[in-house]
Amino acid sequence: MEKLGIFQNALKQFDKAAELLKLSPDIKELLTTPKRELIVNFPVRMDDGSIKVFRGYRVQHNVARGPAKGGIRFHPDTNLDEVRALAFWMTWKCAVVGLPFGGAKGGVKVDPTTLSAGELERLCRRYFSEIQPIIGPEADIPAPDVNTNSQIMAWFMDTYSMNKEYPALGVVTGKPLEIGGSAGRNEATGRGIRIIAEEIMNYLGKNIKNTTAAVQGFGNVGSFAALLLSEECNVKVVAVSDVTGAIYDPEGLNIKELIEYRDKNKGVIAGYPKGQKISNEELLELDVDILVPAALENVITAENADRVKAKIIIEGANGPVTAEADEILNKKGIIVVPDILANAGGVTVSYFEWVQDLQWYFWDIEDVRRALAKIMKKAFYDVAKVREQYNTDFRTAAYIVGIDRVYSATRLRGIYP
Ligand code: GLU
């Protein structure tokens with residue numbers, strides 16, 4: 001079978017919903033075409049005095065419902081096709097949870113582990129200056145994604161503020177608390193997954209307590225999802241993995257201990273003395289109630305979907321299941337809760353952060369958690385209702401909810417001029 005590009009894959013998901021909604025070809029074209037795509041090539045002075053040129057992207061897919069919103073990733077494999085797909089997903093994600101944002105995404109083609117702290121800071125500041133013409137608290141608000149963090153957001157905020165000559169807290173989210181970050185932003189994507197996991201279990205008439213889970217990826221999303229599932233829902237997390245491999249314990253892993261180990265061990269779980277070492281592939285095929293792929297896209301494909309034994313897949317990452325894999329999983333009766341619903345907790349608390357920054361008034365963690373739970377639960381039931389109405393899968397239902405909201409905004413605003 002020919003492998004689809006990531007954006008093509010995303011379009012296939014969209015098409016399934018568009019067909020049920022009977023969208024005309026011109027509306028389909030309008031809603032799928034990215035509004036703006038910026039490529040920047042920029043130099044960075046390396047520590048040894050040499051100059052290296054890097055390539056970065058910022059794609060704004062759609063801004064019908066509000067400013068563009070979405071993270072920035074640093075990865076050696078990042079390319080325009082990937083960033084375009086990620087921006088596209090942000091549009092539907094923001095619409096599904098009802099945030100007044102459009103979708104965007106950015107990336108720099110770089111392996112940040114090869115840079116010194118100084119090189120990383122210079123790269124961040126130069127990249128952000130390069131994309132600044134299309135960025136701003138009212139235009140496009142970046143955030144963390146794969147391999148970017150709150151320190152990087154602090155440099156982005158400072159760079160923009162220095163260039164503009166006033167402090168602009170609301171230009172990025174995911175910042176440190178000291179400079180306009182929000183309580184609960186760090187855990188937000190993981191907490192959203194934990195909320196969705198509980199809701200889907202309730203919806204299916206099951207109890208989440210004592211179910212088993214495997215989590216692929218142990219970065220911000222995977223580690224908080226694993227921690228909150230185990231600590232707040234009594235889920236037995238039997239396996240977790242990162243780029244160095246996976247650890248399995250049928251009795252359940254101690255996630256808190258694993259996080260502490262990772263933080264003292266250069267950010268990886270390699271060498272953790274307990275549990276059994278298994279491969280990433282084996283983790284994806286474990287017989288568990290809940291599988292959370294929380295790393296990168298395209299990990300469950302036509303090649304391995306048939307071997308997946310989990311009953312429910314909750315997409316922590318963006319695009320971890322390909323369109324072909326979706327078909328196989330649907331046939332097997334495996335429920336997939338899609339990225340544009342399941343991992344929307346991150347951007348939801350980003351929205352809260354932006355609101356706090358614009359008002360210069362900050363909430364406590366209880367307010368953030370309460371507001372997040374309310375939004376995630378409502379989004380879940382909005383999608384579940386449409387799923388029953390159209391007798392379709394969760395992903396297609398989520399697209400239907402998102403497309404309906406974006407198209408309504410487009411219709412009301414009309415076509416300029
Ligand atoms: N990068 C996250 C995502 O894919 C968060 C985006 C944001 O907070 O703007 O949803």
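This write-up is about the structure you can find in this document.

Rules used throughout
Residues numbered from 1 in each chain as written. Predicted model: local features only at pLDDT ≥ 70, side-chain atom pairs only at ≥ 80, totals over all residues. Heavy atoms only, no water. Helix = DSSP H or I, 4+ residues; strand = E, 2+ residues; numbered from the N terminus. Buried < 20%, exposed > 50% of the residue type's maximum accessible area, 1.4 Å probe, protein only. Contact = heavy atoms within 4.5 Å. Areas by Shrake-Rupley, 256 points an atom, 1.4 Å probe, with all protein chains shown as cover. Salt bridge = Lys/Arg side-chain N within 4 Å of Asp/Glu carboxyl O. Pairing = 2+ DSSP bridges. Axes fitted to C-alpha atoms, helices over the stretch in contact; angles between N-to-C directions. Parallel < 35°, antiparallel > 145°, perpendicular 65-115°, else oblique. Nonpolar A, V, L, I, M, F, W, Y, C, P; charged D, E, K, R; others polar. Near = heavy atom within 4 Å. Polar contact = N/O pair within 3.5 Å; in protein donor to acceptor, adjacent residues only side chain to side chain. Phe/Tyr/Trp six-rings, centres within 6.5 Å; stacked < 30°, edge-to-face > 60°. Lys NZ or Arg CZ within 6 Å of the ring centre and 35° of its normal.

Glancing now at the overall build of the chain. Assigned secondary structure in the chain consists of 14 helices and twelve strands. Over its C-alpha atoms, taken along the principal directions, the chain stretches across nearly 55 × 55 × 45 Å. Considering the chain as a whole, with its 417 residues, one finds that 58% of them fall into the buried category. Residue pairs at least 24 apart in sequence account for 70% of intrachain contacts in the chain once pairs closer than 6 positions are excluded. As displayed, the chain has an accessible area near 17700 Å², and 51% of this comes from carbon and sulfur atoms.

Before going further, it helps to spend a moment on the pattern of salt bridges. Summed over all chains, the structure comprises 30 salt bridges. A salt bridge links K311 to D289, with the shortest nitrogen-to-oxygen separation between them at 3.5 Å. Here D289 lies in the loop between helix 9 (280-284) and strand 10 (290-293) and K311 lies in the loop between strand 10 and strand 11 (312-314), a separation of 22 residues in the sequence. On the accessibility criterion, K311 (43% relative accessible area) is partly exposed. For D289, a relative accessible area of 18% translates into the label buried. Here E315 and R395 are joined by a salt bridge, their closest N and O atoms 2.9 Å apart. With E315 in the loop between strand 11 and helix 10 (323-332) and R395 in helix 14 (residues 394-413), this pair connects stretches of sequence that are 80 residues apart. Using a relative accessible area of 0% as the deciding quantity, one classes E315 as buried. Among the ionic contacts, a cluster of salt bridges with common partners joins E187, R191, R194, E198, E232 and R369.

Within the open sheet, the seven strands sit side by side as 9-8-7-6-10-11-12. Their pairing is mixed. Unpaired on one side and paired on the other, strand 9 (276-278) and strand 12 (335-337) mark the two borders of the sheet. Strand after strand, the sheet turns through a mean of 20 degrees between neighbouring axes, direction not considered. In the packing of helix 7 (residues 220-233) onto the sheet, the strands contacted are strand 6 (212-216), strand 7 (236-242) and strand 10, and the crossing angle to strand 7 comes to about 170 degrees.

All right, on to the packing of helix 13 (residues 365-390) against helix 14 then. Between helix 13 and helix 14, whose axes approach to 8 Å, the crossing angle comes to 105 degrees. One element, helix 13, and the other, helix 14, form an angle in the roughly perpendicular class. When helix 13 is examined against helix 14, the residues K378, F380, D382, V383, A384, V386, R387 and Y390 are found in contact with a partner set consisting of F394, A397, A398, I400, V401 and R405. Among the residues making up the contact of helix 13 with helix 14, the classes are represented as ten nonpolar, no polar and four charged.

Let us now look at the side chain of T396. Along the chain, the position of T396 falls in helix 14. For T396, a relative accessible area of 2% gives the class buried. If we ignore the near neighbours within four places in the chain, the residues touching T396 are K16, A17 and L20.

Close contacts around the ligand come from 14 residues, with K69, K93, K105, D145 and S350 the closest. Between the ligand and R185 there is a distance of 3.1 Å, counted from an oxygen atom to a side-chain nitrogen or oxygen. At 2.6 Å from an oxygen atom of the ligand is found a side-chain nitrogen or oxygen belonging to S350. In isolation the ligand offers 290 Å² of accessible surface; the protein chains occlude 94% of this area. Within the residue set of the shell around the ligand, elements represented by two or more residues are strand 3 (68-74), helix 3 (80-96), strand 5 (140-144) and helix 12 (345-359). By residue class, the composition of the shell around the ligand is four nonpolar, five polar and five charged.

Time to look at unusual backbone geometry. In this structure, P417 follows Y416 across a cis peptide bond, with omega equal to 5 degrees. Considering the arrangement of structural elements, one finds P417 in the segment after helix 14. At K266, a position not held by glycine, the phi torsion is positive, near 55 degrees. The topology assignment puts K266 in the loop between helix 8 (255-264) and strand 9. Classification of K266 as exposed rests on a relative accessible area of 83%. Phi at N298 is positive, roughly 60 degrees, even though this residue is not glycine.

Inspection of every chain in the model, using the stated rule, returns 20 aromatic pairs. Judged by centre distance (5.5 Å) and plane angle (45 degrees), the rings of F14 and W92 are tilted. Taken together, the residues F14 in helix 1 (residues 6-21) and W92 in helix 3 connect sequence positions 78 residues apart. By the burial criterion, F14 is buried, and W92 matches it. Ring pairing ties together the aromatic residues F7, F14, F88, W92 and Y399, which thus form one cluster. Against the face of F7 rests R84, its NZ or CZ located 5.8 Å from the ring centre. Above the plane of the ring of Y407 lies R411, whose end atom (NZ or CZ) is 4.6 Å from the centre.

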